[in-house]
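# An overview of the molecular structure
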Amino acid sequence: MSRTHHHGFELPKLPSLLRHALPRFVEGVIAPVAVFYAAFALLGLNGALVAAVTWVYGGIAWRYLRGHQVSAMLILAALGVTVRAALAAATHSPVVYFLQPTLGTLLVSMAFLASVPLRRPLAQKLATDMVPMPEAFLRHARVRQFFLRISLLWSLVFFANALFSLWMLFNQSIGTYLWVRTSVVALLGACAVGISLFGFRRCLQHVNREPALAA
């Protein structure tokens, strides 16, 4: 009989994490925004909406047809773009235009919350998009519990983000909204990322210390 760490998993080094996660972040977060604003400058609002929707859903279709996994970031981007395009098609009001990302954030918050009772935590899907993890590790009870709690945390973060953005939008000027809202949301997100990483490292330490008996 020998003692082994059956569920062990080591967090990759930062450069390896960045090489794996950065393309997905660019594809699901940066690229849709860049496509929208580039098309907006050239084609106007309607052209920008068409370009953004085409980019996101085209990316999903391309990955599906090639048999590749569709990242959670791309799915969340598709949800956000759908809400924004539907509202922008109905009105050209500046307030409604800036309201669209907030409603998308609220939708994302609900998606994180709904994933918890379904026992399919969205935080786990996002984490595995960033860092490939072995199935045995993901099935561990402590790991499952961690991702359920982190999904609740991010649901709260996005909900607070949406509420603050709504208050700013209807009580402050557009200029103040853009500067203050962006700063507060960035700070809130950075704190949530820090808590998530700290919690994940603690979870790793506990899981990797659990020995399993093997013949």
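Predicted model, so just to flag it, every value in this text is computed and none were measured.

Definitions and cut-offs
Residues numbered from 1 in each chain as written. Predicted model: local features only at pLDDT ≥ 70, side-chain atom pairs only at ≥ 80, totals over all residues. Heavy atoms only, no water. Helix = DSSP H or I, 4+ residues; strand = E, 2+ residues; numbered from the N terminus. Buried < 20%, exposed > 50% of the residue type's maximum accessible area, 1.4 Å probe, protein only. Contact = heavy atoms within 4.5 Å. Areas by Shrake-Rupley, 256 points an atom, 1.4 Å probe, with all protein chains shown as cover. Core = buried A, V, L, I, M, F, W, Y, C linked by side-chain atoms within 4.5 Å. Patch = residues over 30% accessible without salt bridge, like charges linked within 9 Å, V, L, I, M, F, W, Y side chains within 5 Å. Salt bridge = Lys/Arg side-chain N within 4 Å of Asp/Glu carboxyl O. Phe/Tyr/Trp six-rings, centres within 6.5 Å; stacked < 30°, edge-to-face > 60°. pLDDT = per-residue confidence, 0-100.

## Brief notes about the overall build of the protein
Each helix and strand in the protein was counted, giving seven helices and two strands. Secondary structure of the protein in N-to-C order comes out as β-α-α-α-α-α-α-α-β. With 215 residues in all, the protein has 37% of them scored as buried. For the protein, the proportion of contacts with a sequence separation of at least 24, taken over those separated by at least 6, is 72%. Surface summary for the protein: the accessible area is close to 12,600 Å², and the carbon and sulfur share equals 70%.

## Notes on the nonpolar core
Note that soluble globular proteins tend to have their nonpolar side chains buried in a common cluster. With 22 residues, the main nonpolar core has Phe112, Met133, Phe137, Val143, Phe147 and Phe200 as its most contacted residues. For this core, the secondary structure elements donating two or more residues are α3 (94-115), α4 (122-130), α5 (135-138), α6 (141-171) and α7 (174-208). Of the residues forming this core, the biggest block, six residues, is contributed by α6. Among all residues touching Val143, those that are not within four sequence positions of it are Phe137, Leu138, Cys203 and Val207. Ala48, Leu49, Ala52 and Ala78 belong to the second largest nonpolar core, which has 13 residues in total.

## Observations regarding the environment of Val185
Checked against the element boundaries, Val185 lands in helix α7. For the pair Val185 and Phe164, spaced 21 residues apart in sequence, the C-alpha separation works out to 8.7 Å.

## Details of a nonpolar patch on the surface
On the surface, a cluster of nonpolar side chains totalling about 410 Å² of accessible area is made up of Met110, Leu113, Leu152, Phe159 and Leu163. Of all elements in the fold, only α3 and α6 reach the threshold of two or more residues within the nonpolar patch. Per element, the largest residue contribution to the nonpolar patch is three residues, and it comes from α6. Counting through the fold element by element, Phe159 comes out in helix α6.

## Re the side chain of Thr102
Structurally, the position occupied by Thr102 is in helix α3. When its relative accessible area of 2% is taken as the criterion, Thr102 is described as buried. Beyond its immediate chain neighbours, meaning those up to four positions away, Thr102 contacts Ala162, Ser165, Leu166 and Tyr177.

## Re the packing of aromatic side chains
Overall, the coordinates contain six aromatic pairs when judged by the stated rule. Ring geometry for Phe146 and Phe147: centres 5.1 Å apart, planes at 65°, overall edge-to-face. Comparing Phe146 with Phe147 shows no difference in burial state: the two are buried. Taken together, the ring pairs in this structure connect Phe137, Phe146, Phe147 and Phe200 into an aromatic cluster.

## Observations regarding the confidence of the model for the protein
Where the model shows low pLDDT, its predicted coordinates should not be examined in detail. Mean pLDDT over the protein works out to 77, with 76% of the residues at or above the 70 mark. Element-level pLDDT for the protein is lowest in strand β2 (residues 212-214), with a mean of 41, against a maximum mean of 92 in α6. Low pLDDT, under 50, characterises residues 1-6; the stretch is placed with 17 contacts to residues that sit more than four places away or in other chains.

## Section: the side chain of Gln124
Note that Gln124 resides in helix α4. Not counting the four nearest positions on each side in its chain, Gln124 is found in contact with Leu138, Arg144 and Phe147.

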